[in-house]
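If you want the building blocks of each chain, they are given just below.
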Amino acid sequence: MNEKPCIPSRLFTPPFAAVASAQLFSLLGEAILKFVLPLYLLNLSGSATLYGIVVACAFVPYIFLTPIGGVLADRVNKKLVMAALDLVMAAASIAYLALAQTADLVVLTIVILMVLYAAQSIYQPTVQSSVPSVVSHDRITSATAIVTQISALTGLVGPVFGGLVFGFFGVAPIVAVSAGAFLASSLLIIVFVKIPSARHESSGSPLTILKGDIKEAVSFLKLNPLMWKTILLATVINLVASAFIIVGTPYIVTEVLGLPNQLMGFAEAALALGGLAGGVVISLKPALFPIRKAPRFLFGAALGFIPIAIVTASALAPAAVYGILLVSLSWTMAMCSMFSIIGISFLQMETPSDLVGKVIALTMSAANCAMPAGQLIFGIGFDSVPAPALALGVALVMLGVAAFAAKTFKNELGNLPAALCEKAASEQDEPAHHSTLPNPLA
């Protein structure tokens, strides 16, 4: 295992600041395209089923390529990986502009979105795995919160900006802006980003190395029940809550309420604002949010779907329903963001440095494998089942998930082996480079 070099204890070290800045541009371009391109098809077709099919198909590469992204994140120069992927996404944007007038728009949209998701399947594990390498151990939770806040911020700005430009000027100008954002990110990475590279002994073919690395990460997770059960919970959440939000929000706003695309942009912004707020709370007082407190945020997320069910079944004016919908979405995303930050930070701190990329990648892959299925289910569901019934069903399922999480976390944290507890206690008085569940056991 390679030891991490001495890193200043401050949060915004130059390497972390450079990674965060580049991520801001890259995720901004991604957020714009992932919002505008499917919405453009929804405007043309008016079909939630088609919308669900498109976003589900686009998401498939993310599931299968994320484990590969984790292996690359641990073995290949992270700087080169991120710069190359930004160039790929810029090229995809330019290709959309060149082919939109002649190609089948549904097929073209699916292909471009698949490229974006494929690139992000490698990009995001690379960014996440770089965090422990560019900040000190005691800053990992705060740094992870900052990374999450950047994602939320771009999710806030991207849809609002994209919705406004798309609503007034059409799809081509906003795709061009996204291409420029990707190019800016790539330039920032090439010029400013510095991430320590770890050397690994490799033998055999690339496929053999890939299988061996993934097997090593899986074996590690099998020995840590709290980790893989956290991943299982995230998978169910994505199947139910995330899929409902992704498919249901644009359908409710534009089709059920009949509101313009610009307001759909603000609905997306409400989601991002909630995620940003959750990240701010965690980053300010990370010590107050150990892994054992994570289930309470799932209860909070479940409660956020109940107002959506009530107002979509009411006779309120569309503007009033829209306002309550925005508040509920913002609250729900704040809760989900806090659960996500706590979970990812836990994995980063408790995973050996040479396995971080692979474990994070497997986490993302497993947690997101349910997304396409959920999107297909809710795409068909919104065309055949009233929105209030779907929202109420999601609330009930999420309450069940939260109850299961509370029981599971209590049992797992209460049944840790005595040797593990002793190790955690012995490390509390030592300089932290890798700990074993210090916060939950405190």
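Residues numbered from 1 in each chain as written. Predicted model: local features only at pLDDT ≥ 70, side-chain atom pairs only at ≥ 80, totals over all residues. Heavy atoms only, no water.

**Description of the overall build of the chain**
No. 1: If you tally the helices and strands in the chain, you get 16 helices and zero strands.
No. 2: Across the 442 residues that make up the chain, the buried fraction comes to 55%.
No. 3: A sequence separation of at least 24 residues applies to 87% of the contacts in the chain between residues at least 6 apart.
No. 4: Counting only carbon and sulfur atoms, one obtains 70% of the accessible surface of the chain, whose full area is about 18,000 Å². (Helix = DSSP H or I, 4+ residues; strand = E, 2+ residues; numbered from the N terminus. Buried < 20%, exposed > 50% of the residue type's maximum accessible area, 1.4 Å probe, protein only. Contact = heavy atoms within 4.5 Å. Areas by Shrake-Rupley, 256 points an atom, 1.4 Å probe, with all protein chains shown as cover.)

**Examining the packing of helix α1 (residues 14–45) against helix α6 (residues 171–192)**
Axis angle and axis distance: for two packed helices, these are the angle between their axes and the distance between the axes, and together they describe the pair.
No. 1: It is the contact of α1 with α6, at a shortest axis distance of 8 Å, that shows an interaxial angle of 160 degrees. The angle between the axes of α1 and α6 places the two elements in the roughly antiparallel class. Both α1 and α6 take part in a crossing whose hand is left-handed. Contact residues: α1 offers A18, S21, A22, F25, S26, G29, E30, I32, L33, V36, L37 and Y40, while α6 offers V171, I174, V175, V177, S178, A181, F182, A184, S185, L188, I189 and F192.
No. 2: For the contact of α1 with α6, the class distribution of residues is 18 nonpolar, five polar and one charged. (Axes fitted to C-alpha atoms, helices over the stretch in contact; angles between N-to-C directions. Parallel < 35°, antiparallel > 145°, perpendicular 65-115°, else oblique. Left-handed = near helix turned anticlockwise from the far one by under 90°. Nonpolar A, V, L, I, M, F, W, Y, C, P; charged D, E, K, R; others polar.)

**As for the nonpolar core**
No. 1: Formed by 129 residues in total, the largest nonpolar core has its most connected members in F244, F305 and F382.
No. 2: Here the element with the most residues in this core is helix α11 (residues 318–350); it accounts for 16 residues.
No. 3: With sequence-adjacent residues up to four places away left out, F244 is seen in contact with T249, F305, I308, F378, F382, L390, A391 and V394. (Core = buried A, V, L, I, M, F, W, Y, C linked by side-chain atoms within 4.5 Å.)

**With respect to helix α3 (residues 78–99)**
No. 1: Over its 22 residues, α3 extends 32 Å from the first C-alpha to the last, a length consistent with the 32 Å expected when each residue adds 1.5 Å.
No. 2: Within the sequence span of α3, burial applies to K78, V81, M82, A83, L85, D86, M89, A90, A92, S93 and Y96. (Expected span 1.5 Å × (residues − 1).)

**Structural notes on the environment of L72**
No. 1: Mapped onto the fold, L72 is located in helix α2 (residues 48–75).
No. 2: The class for L72 is partly exposed, based on a relative accessible area of 28%.
No. 3: For the pair L72 and A361, spaced 289 residues apart in sequence, the C-alpha separation works out to 9.9 Å.

**What to know about the packing of aromatic side chains**
No. 1: What the rule picks out here adds up to seven aromatic pairs.
No. 2: For the pair F289 and F297, a centre-to-centre distance of 6.0 Å together with 45 degrees between the ring planes defines the contact as tilted.
No. 3: Relative to F382, the ring of F378 has its centre 6.4 Å away and its plane inclined at 40 degrees; by these criteria the two rings are tilted. With a gap of four residues between them, F378 and F382 both fall in helix α13 (residues 371–384), about one helical turn apart.
No. 4: For F378, a relative accessible area of 9% corresponds to the buried category.
No. 5: Residue F382 is classed as buried on the basis of its relative accessible area, which comes to 5%.
No. 6: Positioned above the aromatic ring of Y117 is the side chain of K34, whose terminal nitrogen or guanidinium carbon lies 3.8 Å from the ring centre. (Phe/Tyr/Trp six-rings, centres within 6.5 Å; stacked < 30°, edge-to-face > 60°. Lys NZ or Arg CZ within 6 Å of the ring centre and 35° of its normal.)

**What to know about the side chain of S330**
No. 1: Locating S330 in the fold gives a position in helix α11.
No. 2: Contact partners of S330, with chain neighbours within four places excluded, come to A270, L273 and G274.

**Notes on the pattern of salt bridges**
No. 1: Counting across every chain of the model gives one salt bridge.
No. 2: The partner of K34 in a salt bridge is E30, with the nearest N and O atoms 2.1 Å apart. Here E30 and K34 lie together in helix α1, a separation of four residues that amounts to about one turn. (Salt bridge = Lys/Arg side-chain N within 4 Å of Asp/Glu carboxyl O.)

**Quick word on the environment of V247**
No. 1: Secondary-structure assignment places V247 in helix α8 (residues 225–256).
No. 2: Note on V247: relative accessible area 1%, which makes it buried.
No. 3: Through-space distance from the C-alpha of V247 to that of Q375 is 6.3 Å; in sequence the pair is 128 residues apart.
No. 4: Those residues in contact with V247, other than ones at most four positions away along the chain, are Y51, G52, Q375, F378, G379 and F382.

**Details of the packing of α8 against helix α9 (residues 261–284)**
No. 1: Between α8 and α9, the least distance of the axes is 9 Å, while the angle of their chain directions is 145 degrees. The handedness of the crossing between α8 and α9 is right-handed. On α9, the residues touching I245, T249, P250, V253 and T254 of α8 are N261, L263, M264, A267 and L271.
No. 2: Of the residues that constitute the contact of α8 with α9, the class distribution is seven nonpolar, three polar and no charged.

**Let's talk about the side chain of N238**
No. 1: Residue placement: N238 occurs in helix α8.
No. 2: At a separation of 2.8 Å, a polar atom in the side chain of N238 contacts the side chain of S242. (Polar contact = N/O pair within 3.5 Å; in protein donor to acceptor, adjacent residues only side chain to side chain.)

**Remarks on the environment of L392**
No. 1: Here L392 lies in helix α14 (residues 387–414).
No. 2: Residues L392 and I306 lie 86 residues apart in sequence; the distance between their C-alpha atoms is 6.1 Å.

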